[in-house]
Structures are given as C-alpha cells and as structure tokens.
Amino acid sequence: MDRPTLTKQYLAELSESAATAAELLGRAQHDPLLAIDYENRFLPRPLFLGHEEQERLMDDLETLHTALFSLPDRLFDGDLGAFARAVGMTETQIEVILRSQGATATRMARTDLCVDDSGFKVVEVNMTSSLGGMGNGVMAQALLEHPLLADFAARHGLGFADTARELLHTMYAATGFDPRSRPVIAVADWPSSYLGGWDAFLKEFCAHLQALGADAHPCHIGQLDYRDGRVWLGDRAVDIIHRIFLAEDLLESPEAPALMDQVVRAAAADQVKLFVPLDAELYASKTTLAMLSDENNRHLFSTEELAAFDRILPWTRTVRPGTVTLESGQMVELLDYARANRHDLVLKPTVLHGGSGVVLGGDVTEKSWAAHLDAALGKPYIVQRRIRPVTELFPDENGQLQPWLTAWGVFTMARGFAGIMARATRLEANVGVVNITNGAHAGTGLYELPPRKRTDG
C-alpha cells in the first residue's frame, strides 16, 4: 500500500470512532521528554509510509547523501577548505572544522522533506548529532497503545524505527566502542544554550538513553575538564562526547573558538571520541543542494544520480548575479527572475537552522522581497523553488478532521532507515515555514514493514 491509501483507510476508521485528539494521544501528552522536545504540541495520529515508497525514498536519500559527500572531490579537487568557504563557513569556523574532520562520513542525518503532488521534496539535510525529534519512538509507542491504531497497524503490517536506539547503535559503530562496555557518554551542549533552558531537555534525553542501557550524562562543554590524558565530567572519565553544540556557536563570542578548541584537540589526541565531528555540518549547508541542482554541474553525476535529484530536489540556486537554467531549460538572469517570481520562491541562509532567516516570497511585499534579495547578495544564501505541500487531516479536540500542512523529518543512520519525525501547522495558521519555532505540532510516523518482518512478528 502507499501513503495516500493507508492514510485514507485510517482516517475512515478514525471518523467512525469519533476519537478525540486527547484520547488518541494518551500518555504521549504527559511524557516529560516529549513535552519539552515538542513544546507540549502533539499530532494525534502518525504519518504513514508504504513499503515501496519507503524503499524508493531510502534509495534516493542514500544517493543524495553520497553525492553530498562527494562534492569536495567533484567540485573542489578535494580541497575541504575551499568547499567550506563555498558553503558559507567563516575562516574561524573553517580552522576548527578542518581539525575536527572525521575519518569517515557520518551516517547520521535527518532529511527534512515535504510531499507535493509529485512526491517527496527535500527542504534541507541536517547532518549533525544535534537533531530534534529523537523521541519519536516514544511517541510511536504511546500512540500505538490506543486500540484503534494498534489494530490498524497490526492488520496492515505497520511498525516504526526507534530513533534513539538507532542513535546509540550508530554512535557505538562510529566510535568503535562495544556497547556492552558501557562507555561514558557526555551529551554536551554549548554553555549559553544549556544554561538558557536546554538543560531540562538534555536531562530527560539522557534519562531516556540510560533506560536504553547507555551511560549518558548531560552537560555543556564548559563543564568538561582535561587532565591526565583524558576528558572528565566531574569524577567520570568521558569516552564519547555526543556533540549537541554546533559550528555556528563558534561565532557567539571571541572566547568561543578557544572553548571549542579544547574539545577538538582532545579528540585529535584520541583522549575522547567526538560524535559527530564538526565537518559533517559542511554537507548540511543548503548551498550543497544548489551545487547538486545546478545545471552546470549535471555532467559530473551519473544518470542514476540525476534521476534521484530530479525526483526529490527542488530547483535551488546560490544568490548571485548571473544566468541560470530553469527546470524548463530556459536561461534567465537569476536576480531578475527572482524579483519577478517571488510567489514561487523561498530565500534561505545556507548555514542556519530551525527556519532562521527564511523568507517566503509570497508572504512579503514585492518591495520587501527585493530588499531581502539585495541584502543576500555576497552572503551565504540560496533561493529555492517553493514547495506546495499536500494537506493532511488530523482529528481535533472534538474528533473532527482538520487540514494541516505537514513536514517530514526522515532519519537515516548506520543501519539505514531510523525513524520519522512529523511536524505540522494548521492550514489556517498560514505561518509558512513548518517548524517547532513557528508553533508547529510534532509527532511520528509508521511505515509498512517488509513482508518477511510482518510474518516473523
């Protein structure tokens, strides 16, 4: 079955039951991890994904991620510094990132997508260990406690991937630790973020990881000590630093690079394992999507790669003067085209996250749009074709189905598919960017298991 069919059948059964959002959510709305991560805004049903759709999507995402990691070689003769400058990193960030370079490409990512009339389209690719939505497995378990969804999932062979478990597996695989040795994990944020309120979430997150068998402890990197050839958190010798801090934190203050440098030096000296190295963030820059989308680079990729790009990548270009090629093959001057077609375009900074700095052309005036474009020139920005997501129906507090705009966060890790984070906003809210910062509700997804797993139970 496919996503529309599964959704239609579940909604039909849901309508007959008249179950309310609160009834469907059950204990999810009282879980402390979800309450903080999702800011007490929950989607009362999961998104659905068919088996063949999931396999095609995973193939396309694997092709996309592999192509992203190949960009320094294909476009910059292997010069990672040149690649970092091209994607919008500052010299301060580049200096630290180059010394934090991982031996292999990270297998941990969350690709954010929307579904339009033609299928899944990539909004951005997040490659870091600081990914929201790690509790979606908890959410799925809670939703499946309702008899209606439990029966529906059993009849249709639906299951979920527990993202937190996949995180631990990927972390141990990347750092070389046997999980049975229970390495000490410092889940380390940046001081201003941690002390600004994120400590509450990290404490709940570490409690969840501990329940899964990990020896995990929350902190910020200012709390780490460096002595006797080890990294310490209090009286614990740390084996793995699970990095919640970001490359953009290097720009917070003049003291920031020195603080992060301590962690990077310790990892380079093999005094601790850093998960995930900072260079992963280079491939998460939205400029990389423009590099893959650019007509001038198509000759560098195989027929199979181009087919995947054409399926899931919206038209994307770096904001700069010059001629570009549209999907139709027409050649246009980028800035003239962007100014004249604002309703179809989105302007995005390349290295920020959480929707920061995103401008939807149709949501601002012509004058404001032109000013934003002018301000973006010479800075790390891309302009992208606006995706028009299909609406999804969710039950409200009275059990009535209401239309929402939905975004998918699809996790991929060492064992492949690693779960779904759902985010959605009410259609009438008209907020443009679907994310938690803009008031979106969050949830999870179920996918159709392969036939063998369905019969094996």
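See above for the structure.
The text that follows walks through the structure, step by step, so that each part is easy to find. (Residues numbered from 1 in each chain as written. Predicted model: local features only at pLDDT ≥ 70, side-chain atom pairs only at ≥ 80, totals over all residues. Heavy atoms only, no water.)

1. Observations concerning the packing of helix α1 (residues 3-17) against helix α8 (residues 147-156)
We apply this condition: The axes are straight lines fitted to the C-alpha atoms, using for helices just the contacting stretch, and the angles between their N-to-C directions are given from 0 to 180°. Numbering of helices and strands runs from the N terminus, with a helix taken as a DSSP run of H or I at least four residues long and a strand as a DSSP run of E at least two residues long. Crossings are sorted by hand: turned counterclockwise from the far helix by less than a right angle, the near helix makes the crossing left-handed, and turned clockwise it makes it right-handed. Contacts are assigned to residue pairs with any non-hydrogen atoms lying within 4.5 Å of each other. For this scheme, ten residues count as nonpolar: Ala, Val, Leu, Ile, Met, Phe, Trp, Tyr, Cys and Pro. Four count as charged, namely Asp, Glu, Lys and Arg, and the remainder, Gly too, count as polar.
Closest axis-to-axis distance for the α1/α8 pair is 11 Å, and the angle between their directions is 145 degrees. Of the two elements, α1 crosses α8, and the hand of that crossing is right-handed. Only L148, L149, F152, R155 and H156 of α8 make contact with α1, whose side of the interface consists of L6, Q9, Y10, E13, L14 and S17. When its residues are assigned to classes, the contact of α1 with α8 shows six nonpolar, three polar and two charged.

2. With respect to unusual backbone geometry
Definition in use: For each residue, the accessible area found with a 1.4 Å probe, counting protein chains only, is set against the maximum for its type, and the residue is called buried under 20%, exposed over 50%, and partly exposed in between.
The step from F275 to V276 runs through a cis peptide bond, and the omega angle for that step is 0 degrees. Along the chain, V276 falls in the loop between β11 (273-275) and α12 (280-284). We note that N40 has phi near 60 degrees; this positive angle belongs to a residue other than glycine. Here D228, not a glycine, exhibits a phi torsion of approximately 55 degrees, which is positive. By the secondary structure assignment, D228 is in the loop between β7 (224-227) and β8 (230-233). Under the relative-accessibility criterion, D228 is labelled exposed at 67%.

3. Description of the sheet that holds β8
Sheets are built from strands that pair by backbone hydrogen bonding, the pairs being arranged parallel or antiparallel. Rules: Here a strand pair is declared whenever DSSP counts at least two bridges between the two strands.
Judged by pairing direction, the sheet is antiparallel, and its three strands sit side by side in the order β7-β8-β9 without closing on themselves. Pairing within the sheet leaves two strands with one partner each, and these edge strands are β7 and β9 (236-238). For this sheet, the mean angle separating the axes of adjacent strands, direction not counted, is 40 degrees. With three bridges joining them, β8 and β9 adopt antiparallel strand pairing. Residue L233 lies in a different strand from β9, and its bridge partner there is R236.

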